[in-house]
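Architecture and fold: a report
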Amino acid sequence: MSVQQDKHNVSLEWIKDQLNGFADLIDRTLVAPFGQIDLLYIKSVADGQILSRNVITPFYEMENINAYHNYILTYPGTEEETTREKAIELLLSGYILLGLNDTFCFFDAMNREISGVNETSAESISQGPSDALTEDIAINLNMIRRRYQSTNLKMETMVIGDVSKTKVAILYDISRVDPNVLAELREKMNTLKVDILQAMGELEKFLSSDSLRILPKSIVTERPDRVVFNLSEGKVAIMLDTTGYAIVLPSIFNDFFTSMDDKIQLPIVGRFLKLLRIIGVCMTLWLPAIYVTLTAYNPEIIRVQVALLISGSRATVPYPSFVEVLLMLMMMEFLTEASLRLPKAIGPTATTVGGLILGQAATAAGLVGNIMIILVSAVAISNFLIPLNMMSLSIRVLKYIFLFAAAFLGLVGVVVCVVGFAMYLCNQRSFGQPYFRLFFLDNLGKKKGGEH
Amino acid sequence: MRRVLGGIGITLLLLLSGCDFKEIDLRIFVLAIGVDQGAEEGGFKISLKLAIPQGDVTKIDEKVQILTEESPNISEALRRMKSRVEKELDYSHCKSIVLGEAVARKDILHVMDWAVRRRDMQLILNFAIGRPEALQVLQVRPESERIPSNSLILAMSGQGTESPFISSVYSFQLMRNIYEKGIDPILPIIEAKGEKEFLINKIALLNNEKIKMVLTPNETRIYNLLSRPNLRTNLPAHSEGVMYQYYTERSSSHYKILTPEHGKATIRYHIKIKGILEESSSPDLVTHSMLEKIAVAGGKELEADVLALLTKIQASGLDPFGWGLHYGARHFNNDTEMEVWEGLYAGLDFQVKAEVNIKYSGLIQ
Amino acid sequence: MAKSRYFYCLFLMNSLINIINYVPRELIDRRFAGALMSVLIGTIFGTLFVYIFTVLIAKFPGKGFPEIFYSLLPKKLAKTLLLLFAGLWCVAGGVTLLSFVDITLRFISPDSSPYTVVISFLVLVCICCRFDSLSILYGLEIILSVTLPLIIYGLVKALANPDFNWDSVLQVTTYFWHKPDLMSLSAATFSFSGYLNLAIFNRVFHGLKLKHVWILGVEGLSVLLLTFLVPIGYFGTVAIDRHVYTWFSTADSIRMENFIIERMLFIFYFAYLSLSLVSVIVLWHGGLELLKGAISSVKKQSPKAERWKEWSILGLFSAMVLSLMGLDQYELNMFGAWFLQIRWFGEMFIIALLFYCYRKVRRGSL
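Predicted model only: the values in this text are computed from it and were never measured. (Residues numbered from 1 in each chain as written. Chains lettered and ligands numbered in written order. Predicted model: local features only at pLDDT ≥ 70, side-chain atom pairs only at ≥ 80, totals over all residues. Heavy atoms only, no water.)

Looking at the overall build of chain B
If you tally the helices and strands in chain B, you get 11 helices and 14 strands. Counting only C-alpha atoms, chain B reaches 85 × 60 × 60 Å along its principal axes. Put simply, chain B has 365 residues, and 53% of those count as buried. As displayed, chain B has an accessible area near 16,800 Å², and 53% of this comes from carbon and sulfur atoms. Of the side-chain charges in chain B, 44 are positive and 47 negative, and the distance between the mean point of each set is 4 Å. (Helix = DSSP H or I, 4+ residues; strand = E, 2+ residues; numbered from the N terminus. Buried < 20%, exposed > 50% of the residue type's maximum accessible area, 1.4 Å probe, protein only. Areas by Shrake-Rupley, 256 points an atom, 1.4 Å probe, with all protein chains shown as cover. Lys, Arg positive; Asp, Glu negative; His and termini not counted. Charge placed at Lys NZ, Arg CZ, Asp CG, Glu CD.)

Next comes the structure, spelled out in structure tokens:
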């Protein structure tokens, strides 16, 4: 059973030599009446309690060295056969090297600083589960497995990052997943070359090659139930150790407007919420552009009473409406960003002060029109209806394109831009899946590839 | 490389578009145009009613400016007025054109052609005749008015008041009826009553270019009853020496042109009204049988009124209801039908059947 | 690998777009001289054409014209034919684009420079028609699903308007018994020629199976009748002559009472501008692929060379449009009328050609 270690390959001396200069490298020898063992570990990554409870204490309670060896081997994390590189890797990740007679064992005493299962913070919903993914991949996998108890749920693991050695797990339901997607993903993951990988966003960025893209093509989520829901729809989830998020792909446009609430609510309510989100997106995208069109190019579109109102509210404004909109939008963006970065205690203060100044003072001073203020707040609020942060940010950027089009070409520009945007969306593919189509549900789960 | 090209493209596009727009606050909206006869023969006196927007919405105070200019043609007058205001005149919100009575009695074709031809003028602007002059009508500023010229817009388009005496005529309608064979246009008449009030309760019947006849308010109401469904009005009924007024909740009218082989061509009108009793000059209780009597009496009176109007219109030789078109639309002898119709017209007979049905006596009996 | 419903989208797009494409003009010019009869006969012809063409092209699953022609016709002939067809497609898109530039300048922004407008259209169209066929079909479907409700709303509003004069419409229908003439026949059949886009888009249809071809006939007929008769209800049988863009004037005559936008014109403009931009994208995508097929060489080219080729073809198309910008309203009308007629003969020719190809394939396989 015990395999003779290749002395030329792994030796205590060689390892010690490699780890020279590690202040927290502990090298001990335990002596008992029937024999002795060598212990070698790095104190900062190995758990002292596990060490004393599971390694040292049993050693003194055993009768002979072979019994102890067998005992150590019963632990699931224990590794025996290794190469030199693997040995170093294991030590660095918190394993303890046990020198028993002439053989080596690596005992898993990894010290995991676990942050525990927390509540969701970025994607909270009013009713329904509130557990968020943790920063430990084992716990995450446990959470997913518990919610998806099927033999079809397959998992592949790999390590990415030359330095960070981040563990990555790819999960999918083999009976539903699109094999093309999986193949493309594997190919991309295998060609990935990075030193450090510690955020989901980075991986997401590496996976989609286009540098000019503005729309996210994979969901980064912290909700295990969203991961599970998407797995059941035939998607692939990627988990990264130490991040607390999972990537779901391929994700299409529609997925970014699905909140987990929709499943919980009554069907009609769920649809209404979805409709609200769609209207919200349309508003936040096009309201500034429409305002500029109406005031600068085509005031004849709206009825005369409204036109006179707008004209009146702009009577004191000394610059074109385009500048007015841009100014206020920028102010709003500053406010949003500022309240995000500020500590929780003074966040609301900034919002109140900013809101007051922007809303009240700017109109009172005649720098912007009243209607403009209503519009900007509508734009800001409707932007927050989008459940997923990445999409919400993309939409925030996109509205400026429409705004510029409106500023230079009026209604024609807006229409051309809308058509262009629709065509652009339709031209996008997320891992071979059409990104934006009318009937999204055509080939979810049941059909693979094939007909679109 | 691509980025540089893209940059150049965008810059070019921006340069190309330049500044070919006028901000809303640099435009001044013309809400109504008045066309009167100029002092010179054949000239026009054009008046524009301009809306001046208010900066402070809470302080409601209507501000209106009226410009007047005389010129041999309309375009010239408008161009000249441009240099009398500091902002660009914008006609896209012009909702009414008021023709002075003198112009309407001479020729409306010219003005109509101009209004329909201009690309920035809507096809849904209301045409009307102003009495005594268009300018006076434009100058009317009712107390209740909050947005400049709004009262005129609301009254003319039927969005506000639903007076049975007003019939609105859009420019596309006017044009259609002028050129169409077998139908003649009408125009409502707006009378200025001093500075603060106007009165719209008559319509003028035109042949294809000028006023031929003006209907009285009562005739106008009957005309409206015949020409559109669900006119909301009150109509009289005298029964047993008591005067009643009933309110028409629903009304409809249809006609048929009968051309028997022998005998005269006849137009048979069928009017159906569902009404509610609104007023009674006697304190007596209204019973069911009385309600029926009132209905019959009301029907009789209405029939007489309608018949009087129809014969009056026939006598003038005009065709505001489009009987000729109606006749043509049901005959396939395309080349001769209009001539046949003209032969029939003078000798037309009218039969009117009014079916008044008064359902309720109101809240009290 | 597109579903058959995309074929209906292509068809619907084309029949809706005919409202701006000189069709109402030509029909209305002949309203007293057999336009209605032509509409009826055109419907029969059009449906027949659709049926024959789709049946024939279904025999070549996944193949566009270039592939069919190169495999069955002499190479020189195939090249010339493709070149001709590419020209036809390019002009079809160009005509739509030009009339929309004119409409924009008339109704929406009289102050804009025509070149700004046309260049912004061209930029969009040129970028988008290089997308792959499937994406364009998806885009078409999306735009249709947005614009169709608006157009239907406009139509309902137009017909429900109490100022709509039914007598005028009936008066025109009494002119039914006149013999049809060629011009209005070719105008009427334009409503049905959406099927021609299959010349390229057949590449993504595998085994196109059409159920209920009669629906296409009914749809085309109703669209044609609406196109022809609704403006007459608004402007009468005589004054209709005087409106240049009958349908936009019609839309301008419709008022919406309870809405922040009062004039139907703008709703209509929005719907039709987006629809016609997509239709130009679809047409030019066809033209681009046909021309690429015509000048393709045997050896595979690098992506960069391919890109250059595409851009130079699109440059050529755009230059065609820009050079026609100088036409005035009457010349443009004339041009449109000519296009309508040539197109119809082209259609017949294409069907005959396809039939020949089909015969050849069958003989080859026997």
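Having seen the structure, we can now continue with the description.
Digging into the packing of aromatic side chains
A full pass over the atoms with the stated rule returns 48 aromatic pairs over all chains. Look at C:F248 and C:F268: their rings are 5.2 Å apart centre to centre, the planes differ by 75°, and that puts the pair in the edge-to-face class. Here C:F268 lies in helix α13 (residues 264–294) and C:F248 lies in helix α12 (residues 246–252), a separation of 20 residues in the sequence. Neither C:F248 nor C:F268 differs from the other in exposure class; each is buried. Ring pairs connect the aromatic residues B:Y223, B:Y255, B:Y269, B:F321, B:W323, B:Y327, B:W341, B:Y345 and B:F350, which therefore count as one cluster. Positioned above the aromatic ring of A:F431, the side-chain terminus of A:K188 is 4.9 Å from the ring centre. (Phe/Tyr/Trp six-rings, centres within 6.5 Å; stacked < 30°, edge-to-face > 60°. Lys NZ or Arg CZ within 6 Å of the ring centre and 35° of its normal.)

Description of the pairing of strand β4 (residues 103–108) of chain A
Among the 6 residues in β4(A), 5 count as buried, and that is most of the element. Hairpin connection, strand β3 (residues 95–100) of chain A to β4(A): the antiparallel pair is bridged by 2 residues, and A:N101 has positive phi, about 45°. (Pairing = 2+ DSSP bridges.)

Quick notes on the packing of helix α10 (residues 267–297) of chain A against helix α14 (residues 370–383) of chain A
To characterise two packed helices, one gives the angle between the axes of the helices and the distance between these axes. All names here are of chain A. For the pair α10 and α14, interaxial distance at closest approach is 8 Å and the crossing angle is 150°. Overall, the two elements α10 and α14 adopt an arrangement that is roughly antiparallel. For the element pair α10 and α14, the recorded crossing hand is left-handed. Judged by residue contacts, G280, M283, T284, L287, P288 and Y291 of α10 engage I371, M372, L375, A378, V379, S382 and N383 from α14. (Axes fitted to C-alpha atoms, helices over the stretch in contact; angles between N-to-C directions. Parallel < 35°, antiparallel > 145°, perpendicular 65-115°, else oblique. Left-handed = near helix turned anticlockwise from the far one by under 90°. Contact = heavy atoms within 4.5 Å.)

Things to note about the packing of helix α2 (residues 48–61) of chain A against helix α3 (residues 65–73) of chain A
Residues and elements named next belong to chain A. In contact at an axis separation of 10 Å, α2 and α3 are set at 160° when each is read in the N-to-C sense. The angle between α2 and α3 falls in the class roughly antiparallel. The chirality of how α2 crosses α3 is right-handed. Contact residues: N54, V55, P58 and F59 in α2; I65, Y68, Y71 and I72 in α3. Here the contact of α2 with α3 is composed, by residue class, of 7 nonpolar, 1 polar and no charged. (Nonpolar A, V, L, I, M, F, W, Y, C, P; charged D, E, K, R; others polar.)

Some remarks on the interface of chain A and chain C
Tallying the contact residues gives 29 residues for chain A and 42 residues for chain C. For the pair chain A and chain C, the number of links is 1 salt bridge. Of all the elements, helix α15 (residues 389–427) of chain A adds the most residues to the side of chain A that touches chain C, at 12 residues. (Salt bridge = Lys/Arg side-chain N within 4 Å of Asp/Glu carboxyl O.)

Focus on the UniProt feature "domain: Spore germination GerAC-like C-terminal" (unreviewed entry) in chain B
Here the UniProt feature "domain: Spore germination GerAC-like C-terminal" (unreviewed entry) sits at residues 202–362 of chain B. Helix and strand shares over residues 202–362 of chain B are 35% and 37% respectively, and the end C-alpha atoms of the span are 30 Å apart. (UniProt positions renumbered as here; feature names shortened; annotations may be inferred.)

What about the pattern of salt bridges?
Applying the stated criterion to the full structure yields 48 salt bridges over all chains. A salt bridge links B:E162 to B:R232, with the shortest nitrogen-to-oxygen separation between them at 3.5 Å. One end of the pair, B:E162, is in the loop between α6 (150–157) and β7 (169–170); the other, B:R232, is in the loop between α8 (217–227) and β11 (234–239), with 70 residues separating them in the sequence. Residue B:E162 is classed as exposed on the basis of its relative accessible area of 52%. Residue classification places B:R232 among the partly exposed positions, given a relative accessible area of 37%. The partner of C:R130 in a salt bridge is C:E310, with the nearest N and O atoms 2.7 Å apart. Taken as a pair, C:R130 in the loop between α6 (114–128) and α7 (133–160) and C:E310 in helix α14 (residues 303–323) lie far apart in primary sequence, 180 residues in all. With relative accessibility at 29%, the residue C:R130 sits in the partly exposed group. Since its relative accessible area comes to 8%, C:E310 is described here as buried.

Details of the UniProt feature "transmembrane region" (unreviewed entry) in chain A
Residues and elements named next belong to chain A. Taking the UniProt record as the reference, the feature "transmembrane region" (unreviewed entry) is found at residues 275–297, 317–335, 367–388 and 400–425. With 79% helix and 0% strand, residues 317–335 has end C-alpha atoms that lie 22 Å from one another. Between the end C-alpha atoms of residues 400–425 there is a gap of 17 Å, over a span that is 100% helix and 0% strand.

Observations concerning the sheet that holds strand β1 (residues 25–32) of chain A
Residues and elements named next belong to chain A. Sheet architecture is open: 4 strands sit in the order β1-β2-β3-β4, paired in antiparallel fashion. This sheet does not close on itself; its edge strands, each paired only once, are β1 and β4. Strand-to-strand twist in this sheet, taken as the mean axis angle between neighbours without regard to direction, amounts to 20°. As defined by bridge partners, strand β2 (residues 35–42) adjoins β3 across 4 bridges and the pair is classed as antiparallel. Across the sheet, the residue bridging to I37 is L100, located in β3.

A closer look at a positive patch on the surface
Taken together, the side chains of C:K59, C:R359, C:K360, C:R362 and C:R363 present a region of like positive charge at the surface. The residue C:K59 is located in the loop between α3 (35–57) and α4 (65–72) in this model. (Patch = residues over 30% accessible without salt bridge, like charges linked within 9 Å, V, L, I, M, F, W, Y side chains within 5 Å.)

Thoughts on the interface of chain B and chain A
The extent of an interface is frequently quoted as the accessible surface area lost upon association of the parts. Chain B puts 24 residues into the contact, and the matching count from chain A is 25 residues. Three residues stand out in chain B for area buried against chain A, namely B:E23, B:I24 and B:H93, and they jointly supply 27% of the buried area on that side. At the surface where chain B touches chain A, the tally comes to 2 salt bridges. A salt bridge links A:R314 to B:E23, with the nearest nitrogen and oxygen atoms 3.4 Å apart. Scanning the region where chain B abuts chain A turns up 8 residue pairs in polar contact (both at pLDDT 80 or more). Residue assignment for the side of chain B that touches chain A shows that the elements contributing at least two residues are α1 (2–17), β1 (27–37) and α6 of chain B. The element best represented in the side of chain B that touches chain A is β1(B), accounting for 3 residues. Within the side of chain B that touches chain A, the residues separate by chemical class into 11 nonpolar, 7 polar and 6 charged. (Buried area = accessible area lost by both parts, 1.4 Å probe. Polar contact = N/O pair within 3.5 Å; in protein donor to acceptor, adjacent residues only side chain to side chain.)

Regarding unusual backbone geometry
Looking along the chain, the bond that leaves A:L249 and enters A:P250 is cis, with omega of -5°. Checked against the element boundaries, A:P250 lands in the loop between β9 (246–249) and α9 (261–264). The residue after B:R131, namely B:P132, is reached through a cis peptide bond having omega -5°. By the secondary structure assignment, B:P132 is in the loop between β6 (126–131) and α5 (134–139). The phi torsion at B:N230 lies on the positive side, around 55°, for a residue other than glycine. With respect to the helices, strands and loops of the structure, B:N230 is situated in the loop between α8 and β11. One non-glycine residue, B:E240, lies in positive phi territory at about 50°. Its place among the elements puts B:E240 in the loop between β11 and β12 (242–258).

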